[in-house]
Amino acid sequence: MSRTGRRLGYRGAALLICGAGWTTYGAGLLADPRFGITRGVTALTHIAPMCVWGWVWVASGVLCAAAAPLPSRRDWWGWAMASAMPAVWAVAYTTARALGTLAQGWYSGVTWAVFPGLLAILAVATRRVVYLSREVARLRLAAAQRQEGAHG
């Protein structure tokens, strides 16, 4: 288990958690597209039925989780998948409020917009942690080689 945790790191763990969450949310939309959600994303249901949006959430979650084990320099598309659907939902709810079809659309839109914002901060912060960890490992290796050269 700890080996898997080291392999994933903070970035991979975050992508895996988002992937599980978005897959589950999509499955919930497929199983029971509640009236409040359907009403809030009316702008989207004019484009495609709710079952399609449920599958888009599931696909987004699966792709997000698939990026979890990748190195930090290659996982950018997982972060895009993690942020995409909450951003789409935020726009849909805010649009519903602007059109007057959902009074609480503004609040729901802002709530959904929090996810891409936090994910962006997390992606940048963890990227810095990865960079610093690599730098520390490089410095340790250089120090060990110098020490070896002094004794050898």
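Each value, and the rule that gives it
Residues numbered from 1 in each chain as written. Predicted model: local features only at pLDDT ≥ 70, side-chain atom pairs only at ≥ 80, totals over all residues. Heavy atoms only, no water. Helix = DSSP H or I, 4+ residues; strand = E, 2+ residues; numbered from the N terminus. Expected span 1.5 Å × (residues − 1). Bend = angle between axes of the 7 residues up to and from the residue. Buried < 20%, exposed > 50% of the residue type's maximum accessible area, 1.4 Å probe, protein only. Arc of directions from axis to C-beta. Axes fitted to C-alpha atoms, helices over the stretch in contact; angles between N-to-C directions. Parallel < 35°, antiparallel > 145°, perpendicular 65-115°, else oblique. Left-handed = near helix turned anticlockwise from the far one by under 90°. Contact = heavy atoms within 4.5 Å.

(A) Here's a closer look at helix 5 (residues 76–99). Helix length check: helix 5 (24 residues) gives 34 Å between terminal C-alpha atoms against 34 Å at 1.5 Å per residue, within 8%. For helix 5, the principal kink sits at Ala84 and spans about 25°; a proline, Pro86, occurs within the next four residues. All of the buried residues in helix 5 are Gly78, Trp79, Ala82, Ser83, Met85, Pro86, Trp89, Ala90, Ala92, Tyr93 and Ala96. Phi turns positive, to about 80°, at Gly100, one or two residues after helix 5.

(B) Local environment of helix 4 (residues 50–66). Helix length check: helix 4, at 17 residues, gives a terminal C-alpha distance of 24 Å against a target of 24 Å (1.5 Å per residue), a fit within 8%. Within helix 4, burial applies to Met50, Trp53, Gly54, Trp57, Val58, Ser60, Gly61 and Cys64. End-on, the buried residues of helix 4 take up no more than an arc of 160°, which puts them together on one face.

(C) Geometry of the packing of helix 4 against helix 5. Across the interface, helix 4 lies against helix 5 with an axial gap of 7 Å and an inter-helix angle of 155°. As judged from the angle between their axes, helix 4 and helix 5 are roughly antiparallel. In terms of crossing hand, the pair formed by helix 4 and helix 5 is left-handed. Contacts between helix 4 and helix 5 involve Met50, Trp53, Val56, Trp57, Ser60, Leu63, Cys64 and Ala66 from the former and Trp77, Gly78, Met81, Ala82, Met85, Pro86, Val88 and Trp89 from the latter.

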